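Structural overview for review
Letter by letter, the chains look like this.
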Amino acid sequence: MKANEKELSVRKWVIAVSIAVPLVVAVLLGIREPIGNLDTTFLPPIYAAMNGLTAICLVAAVIAIKNEKRKLHENLIKLCMAFSLLFLLMYVIYHVTTGHTVYGGEGVSKAIYFFVLITHIALSIGILPIVLFTYVKAWSGNYEAHKKWAKIAFPLWLYVAVTGVIVYLMLRPYY
């Protein structure tokens, strides 16, 4: 199977996942259902750490590929994807069982918080298909296209990962 055929074979799945994940998350975040005595208040620093680890591994992946360590780069990107998935699962579990934490700052800090939060959320939705298509380009052996997509995916994904940590740190006093 040629690279283009491999890409086309999974294109529908990438699109479906890219639409389904934000929709499912939006629906789940509308639910407030404590699960027995399950206390999930310990999750925010852990899922913030997942974002931090994603950022570190993304930078390491770029360094690895620039040093022509393709397998290391591939493994680091897979690790980034795993960290991002773990973040999402813990984030949803926390918000379904506990609810939202309200930012208590005022003035300029509140404006900064909402700017960071809104851009983080918007880009986290938009980055999913970009990351998946970038990954598929490499998986199918279409490395030239992969490089072009990665030049877009890397800074956006890094921004989402770093701002995830920033949002947590700004909310931390209000948990």
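Details of the structure are given in the entry above.
Each chain has its residues counted from 1, running along the sequence as written. At least 70 in pLDDT is required for a residue's local features to be given in this predicted model, at least 80 for side-chain atom pairs to be given and counted, and no such filter applies to totals for whole chains, interfaces and linings, which use all residues. To obtain the side-chain values, all non-hydrogen atoms of the structure were used and water was disregarded.

Notes on the packing of aromatic side chains
For Phe, Tyr and Trp, where Trp contributes only its six-membered ring, two rings pair if their centres lie within 6.5 Å, and the inter-plane angle classes them as stacked under 30 degrees, edge-to-face over 60, or tilted in between. Scanning the entire structure with this criterion turns up 10 aromatic pairs. On the numbers, 6.2 Å between centres and 75° between planes, the contact of Tyr 94 with Tyr 175 is edge-to-face. Of this pair, Tyr 94 sits in helix H3 (residues 70-98) while Tyr 175 sits in the segment after helix H5 (143-171), placing them 81 residues apart in sequence. Classification of Tyr 175 by relative accessible area gives partly exposed; the value is 39%. By the criteria applied, helices consist of DSSP H or I runs no shorter than four residues and strands consist of E runs no shorter than two, each listed in order from the N terminus. Exposed residues in this analysis have more than 50% of their type's maximum accessible area, buried residues have under 20%, and partly exposed residues fall in between, with area computed by a 1.4 Å probe over protein chains only.

Description of the packing of H3 against helix H4 (residues 108-139)
Only the stretch in contact is used when fitting a helix axis, every axis being a line fitted to C-alpha atoms; angles between N-to-C directions are given from 0 to 180 degrees. Where H3 meets H4, the axes come as close as 12 Å, and the angle between the chain directions of the two elements is 150°. Of the possible angle classes, the one that applies to H3 and H4 is roughly antiparallel. For the element pair H3 and H4, the recorded crossing hand is left-handed. Facing H3, whose interface residues are Ile 77, Lys 78 and Met 81, H4 presents Val 131, Leu 132 and Tyr 135. Gly is put with the polar residues, along with every residue not named as nonpolar or charged; the nonpolar set is Ala, Val, Leu, Ile, Met, Phe, Trp, Tyr, Cys and Pro, and the charged set is Asp, Glu, Lys and Arg. When its residues are assigned to classes, the contact of H3 with H4 shows 5 nonpolar, no polar and 1 charged. What sets the label is the angle itself: under 35 degrees gives roughly parallel, over 145 gives roughly antiparallel, 65 to 115 gives roughly perpendicular, and the rest give oblique. By the definition used in this description, the sense in which the near helix is turned from the far one sets the handedness, with an anticlockwise turn below a right angle giving left-handed and a clockwise turn giving right-handed. Residues are treated as being in contact if the distance between any of their heavy atoms lies within 4.5 Å.

Side note on the state of the cysteines
What counts as a disulfide here is a pair of cysteine sulfur atoms lying within 2.5 Å. Applying the stated criterion to the full structure yields 0 disulfides. Looking at Cys 57, it has no disulfide partner, and the nearest cysteine sulfur is the one in Cys 80, 4.9 Å off. Residue Cys 57 is classed as buried on the basis of its relative accessible area of 10%. Looking at Cys 80, the relative accessible area reads 0%, which means it is buried.

Quick notes on the nonpolar core
A general trend in soluble globular proteins is that nonpolar side chains are found buried together. Judged by nonpolar contacts, the single largest core of 20 residues is most densely connected at Tyr 47, Ile 127 and Trp 157. Counting only elements with at least two residues in this core, the list comes to helix H2 (43-66), H3, H4 and H5. Discounting chain neighbours no more than four positions away, the residues touching Ile 127 are Ala 153, Leu 156, Trp 157 and Val 160. Take the buried residues of types Ala, Val, Leu, Ile, Met, Phe, Trp, Tyr and Cys, join any two whose side-chain atoms come within 4.5 Å, and each joined set is a nonpolar core.

Here we look at H4
Between its terminal C-alpha atoms H4 stretches 45 Å, which fits the 46 Å expected from 32 residues at 1.5 Å a residue. Values of bend correspond, residue by residue, to the angle between axes fitted over the seven residues ending at that residue and the seven starting there. Remark: the principal bend of H4, roughly 35°, maps to Ile 127, with a proline, Pro 129, within the next four residues. Where H4 ends, the next residue or the one after it, Gly 141, has phi of about 90°, a positive value. Helix span, expected: 1.5 Å multiplied by one less than the number of residues in the helix.

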